[in-house]
Amino acid sequence: MAGLSLDLIAVQLFAGLALGAIYVLFAIGLSLIFGMLTVVNFAHGAFFMVGAYVGLFVLMMGGNFWLALVVVPLVVGVIGLIVERFLVRPLYGRGIDYPLLLTFGLSYIMVELIRIAFGTTGYPFDTPELLQGAVDIGIGYFPLYRLFVLGAAAVVLLVLWLFLEKTSYGLIIRAGARDPQIVRVLGVDVSRVWLVVFGVGTGIAGLAGVLAAPLQGVIPEMGSTILAEAFVVTVVGGMGSIGGAVIAGLLVGVVVSMTSLFAPEMAKVSIFALMAIVLLVRPQGFFGRAGLMS
Amino acid sequence: MSDVPQTIADASDRSNSLFDMAVRHRAILASVFLLMFPLIMPFKALAANILIYGLYALGFNLLFGFLGLLSFGHAALFGTGAYFCGIAIVHFGLPWYVAILIGTLGGAGMAAIIGVLAVRTRGIYFAMVTMALAQCVYYLFYQAEGWTGGENGLRGINVRVIDIFGLKFDFLDPLTRYYVIAAFVILALFVLSRILASPFGAVIEAVRENEARARASGYNVMLTRLLTFILSGAFCGLAGALAALHLSIVPIEMLHYETSGMVVMMALLGGMGTFFGPFVGAAVFMLLENLVSLWTVHWQLIVGAVFVACVLFFPAGIWGTILRRIHK
């Protein structure tokens, strides 16, 4: 174990946190949508993938990465708005499985449309020039782009937190999550709140997609892999809990990164083992309310 | 016998009793249909595929339609059945019938492992947990290359002759192959029909309709869920074992997420909670896949659109809608 210095472990820990930041962004949208609408968005992975492809399209059209960071959440968010308004909305009140099944079918359609537009093979996605290279973070050299992903996730979380906690619209959203009927009685158009939440959640998924693109490249199937991993995050953190999604997302990222250092062949399986342990010990997750399980 | 003219009520009574009789003998009717099926199907290999995936959907429907638990990880049960059957033949040289038994038990065993964890959760959580655990199974089989062939799949499952009590059947002949597979599927149909008609079957539906009431009536809800999941795993494992024999290879894709999703689509297209619906769903799905892929490689687009339309407008599925029409 001579090669495993403390520095290497520290750097790997940071790499895990950067990977975790992507999970956090993905899971937070999933959690937000579930918390408010009680819809498990099985198309969340597809929105993530579409985000990466919209980013790719912006680069192909001669735009730069920074433009893509602005355009992608807007475009993907608008797609989310359309999906909620015309496909998910007719299913409210028809049982909890139907929106899930609908978004599952939708993910097939979205993946296939992207295959038609961009082909079935993947594309590399260049790290923007400004963020290439590594930086000395005191314990060792660390890729600049991963630091940027961590920072970007922190900014998104901060903005989201301010929006939910400090604005009057955020207040309505939080109230709607707790008891939509009372909010409706008070004269608020709850369906419009749900529309906005779905748009915001999918927009963040799109942003996560374009942020992940330089790390892993872009392929049509990239969504289904992260969807399964994000389910682990939501189960570990507790569904509908934003704080839980953040901590569990970072934890899952670190677990993946650490096992790929010590036992690379177990890296993919380790997080599912983590989920199994959490299910056995604390089935509602770290921060989940016990009632939400039913 | 009175000479009073038949009233409308009488007529509907009669059609209802005909309907009831059909329901009572559903396994026989379904079997007769499956025996005639290759006569109307131009492609025998496709007919056998519909049988296998119909059985897979049948096992899934036991859980989803009758118990009300939506699993997104059934590929793990189907794939384990296929791999166990294949490994028994390739690595241990066991005869085909033992291999099928091992595949069936493998599916049930995998269901027991996944089930112990998953039945602790309910509703939407169940779908997520089963999907994540199935993904874990996928990676495990993927990495056990020595046993499973890894990315290339498990090759060399060559069963040429089916030998029953001295009678030899040529398994390479498509029609014979269909009827060998059909024999197992029909057996499964009768077993399933018996399970559903038993007191345990009533408990399954009681848990779906009202969990709290079932618990208050003294039934162990968790155990019912686990047992149903294991039974579902046995049916899916059998389907997987038959698929391994039919394809003579187990591709790793059998464990993939899309195989889990496919069975959800089949069950919903056909009509969840109906006895024969899964077969209808599997047939429609596979015909759609085969026909659409004749003119475009993007058949998933059409299948996805049909599925979304089905969720929106025909939640009872094709067979469920037909049954409802007849029953009116």
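Source: prediction; values computed, not measured.

A. Region of the structure containing the overall build of chain B. If you tally the helices and strands in chain B, you get 15 helices and four strands. A globule of 328 residues ought to have a C-alpha radius of gyration of about 20 Å, and chain B, at 20 Å, matches this closely. Expressed along its principal axes, the backbone C-alpha trace of chain B runs to roughly 75 × 45 × 45 Å. Considering chain B as a whole, with its 328 residues, one finds that 49% of them fall into the buried category. Expressed as a percentage of contacts within chain B between residues at least 6 apart in sequence, the contacts between residues at least 24 apart total 74%.

B. Structural detail: the overall build of chain A. When its secondary structure is counted, chain A shows eleven helices and two strands. The helix and strand sequence of chain A, counted from the amino end, reads α-α-α-α-β-β-α-α-α-α-α-α-α. The C-alpha radius of gyration computed for chain A amounts to 19 Å, which stays within 12% of the reference 19 Å derived for 294 residues, consistent with globular compactness. With respect to the principal axes defined by its C-alpha atoms, chain A has extents near 65 × 50 × 35 Å. Burial statistics for chain A: of 294 residues in total, 49% are counted as buried. Relative to all contacts within chain A whose residues are 6 or more apart in sequence, the contacts with residues 24 or more apart total 75%.

C. Local environment of the environment of Pro220(A). All names here are of chain A. Checked against the element boundaries, Pro220 lands in the loop between helix 8 (190-216) and helix 9 (222-237). Residues Pro220 and Arg282, spaced 62 residues apart in sequence, show a C-alpha to C-alpha distance of 35 Å. Once you skip the residues sitting within four places of it in the chain, Pro220 turns out to touch Met49, Val111, Ile114, Arg115 and Thr120.

D. Structural view of the nonpolar core. Leu25(A), Phe26(A), Val252(A), Met275(A), Cys85(B), Ala132(B) and Phe235(B) are the most contacted members of the largest nonpolar core, which has 212 residues in total. Not counting the four nearest positions on each side in its chain, Cys85(B) is found in contact with Ala99(B), Ile100(B), Ile102(B), Gly103(B), Gly240(B), Ala241(B), Ala244(B) and Leu245(B).

E. Quick peek at the interface of chain A and chain B. Of the residues lining the interface, 34 residues belong to chain A; the matching set on chain B comes to 34 residues. Elements represented by at least two residues in the side of chain A that touches chain B include exactly helix 4 (97-118), helix 9 and helix 11 (267-281) of chain A.

F. Geometry of unusual backbone geometry. For Thr38(A), which is not glycine, the phi dihedral falls at a positive 45 degrees. By secondary structure assignment, the location of Thr38(A) is in the loop between helix 1 (6-37) and helix 2 (44-60). One non-glycine residue, Ser248(B), lies in the positive phi region at around 55 degrees. Checked against the element boundaries, Ser248(B) lands in the loop between helix 11 (221-247) and strand 4 (249-250). Residue classification places Ser248(B) among the partly exposed positions, given that 17 C-beta atoms sit within 10 Å.

G. A look at the environment of Ile204(B). All names here are of chain B. If you trace the backbone, Ile204 turns up in helix 9 (residues 199-209). Residues Ile204 and Arg225, spaced 21 residues apart in sequence, show a C-alpha to C-alpha distance of 7.8 Å. Not counting residues within four places of it along the chain, the set of residues in contact with Ile204 comprises Phe66, Leu67, Thr224 and Thr228.

H. Fine view of helix 8 of chain A. Residue and element names in this part refer to chain A. In this model helix 8 runs 38 Å from its N-terminal to its C-terminal C-alpha over 27 residues, within 8% of the 39 Å that 1.5 Å per residue would give. Most of helix 8 sits out of view: 20 of its 27 residues are buried. Of the residues one or two after helix 8, Gly217 is the one with positive phi, at around 80 degrees.

I. A look at the confidence of the model for chain B. Residues and elements named next belong to chain B. Summary statistics for chain B give a mean pLDDT of 87 and a share of 94% for residues scoring 70 or more. Ignoring residues within four places in sequence, the model shows residues 1-12, a span with pLDDT below 50, making one contact including any to other chains. Interface confidence for the predicted complex, given as ipTM, is 0.86, next to a pTM of 0.87.

J. Quick look at helix 9 of chain A. All names here are of chain A. In a regular helix each residue adds 1.5 Å, so 16 residues correspond to 22 Å; helix 9 covers 23 Å between its end C-alpha atoms and thus fits that length. Helix 9 sits mainly inside the fold: 15 of its 16 residues count as buried. Count one or two residues on from helix 9 and you reach Gly238, which has phi positive near 105 degrees.

K. Focus on the environment of Ile252(B). Residue and element names in this part refer to chain B. Here Ile252 lies in the loop between strand 4 and helix 12 (257-270). Exposure remark for Ile252: the 18 C-beta atoms within 10 Å place this residue in the partly exposed category. Spatially, the C-alpha atoms of Ile252 and Thr148 are 8.4 Å apart, while their sequence positions differ by 104 residues. If we ignore the near neighbours within four places in the chain, the residues touching Ile252 are Phe141, Tyr142, Glu151 and Gly153.

L. View of the packing of helix 12 of chain B against helix 13 (residues 277-295) of chain B. Residues and elements named next belong to chain B. At a minimum axis distance of 7 Å, the contact between helix 12 and helix 13 shows a crossing angle of 115 degrees. Taken together, the axes of helix 12 and helix 13 lie roughly perpendicular to each other. The handedness of the crossing between helix 12 and helix 13 is right-handed. Counting all contacts with helix 12, which are made through Met265, Met266, Ala267, Leu268, Leu269 and Gly270, the residues of helix 13 involved are Gly277, Pro278, Phe279, Val280, Gly281, Ala282, Val284 and Phe285. A breakdown of the residues in the contact of helix 12 with helix 13 according to their chemical character gives eleven nonpolar, three polar and no charged.

M. Region of the structure containing the packing of helix 9 of chain A against helix 10 (residues 242-262) of chain A. Residue and element names in this part refer to chain A. Between helix 9 and helix 10, whose axes approach to 8 Å, the crossing angle comes to 125 degrees. Comparing their axes, helix 10 and helix 9 come out oblique. Considering how the two elements wind past one another, helix 9 and helix 10 form a crossing that is right-handed. When helix 9 is examined against helix 10, the residues Glu229, Val232, Val233, Thr234, Val236 and Gly237 are found in contact with a partner set consisting of Gly244, Ala245, Ile247, Ala248, Gly249, Leu251 and Val252. Residue classes in the contact of helix 9 with helix 10 are distributed as eight nonpolar, four polar and one charged.

N. Layout of the confidence of the model for chain A. In the predicted model, chain A carries a mean pLDDT of 87, and the fraction of residues at 70 or more is 96%. Taken element by element, the predicted model of chain A shows its lowest mean pLDDT in strand 1 (residues 134-136) of chain A (79) and its highest in helix 2 of chain A (96).

What counts and how
- Residues numbered from 1 in each chain as written.
- Chains lettered and ligands numbered in written order.
- Predicted model: local features only at pLDDT ≥ 70, side-chain atom pairs only at ≥ 80, totals over all residues.
- Helix = DSSP H or I, 4+ residues; strand = E, 2+ residues; numbered from the N terminus.
- Rg over C-alpha atoms; globule rule 2.2 N^0.38 Å.
- Buried ≥ 20, exposed ≤ 12 C-beta atoms within 10 Å, placed from the backbone.
- Contact = placed C-beta atoms within 7 Å.
- Core = buried A, V, L, I, M, F, W, Y, C linked by C-beta atoms within 7 Å.
- Expected span 1.5 Å × (residues − 1).
- pLDDT = per-residue confidence, 0-100.
- Axes fitted to C-alpha atoms, helices over the stretch in contact; angles between N-to-C directions.
- Parallel < 35°, antiparallel > 145°, perpendicular 65-115°, else oblique.
- Left-handed = near helix turned anticlockwise from the far one by under 90°.
- Nonpolar A, V, L, I, M, F, W, Y, C, P; charged D, E, K, R; others polar.

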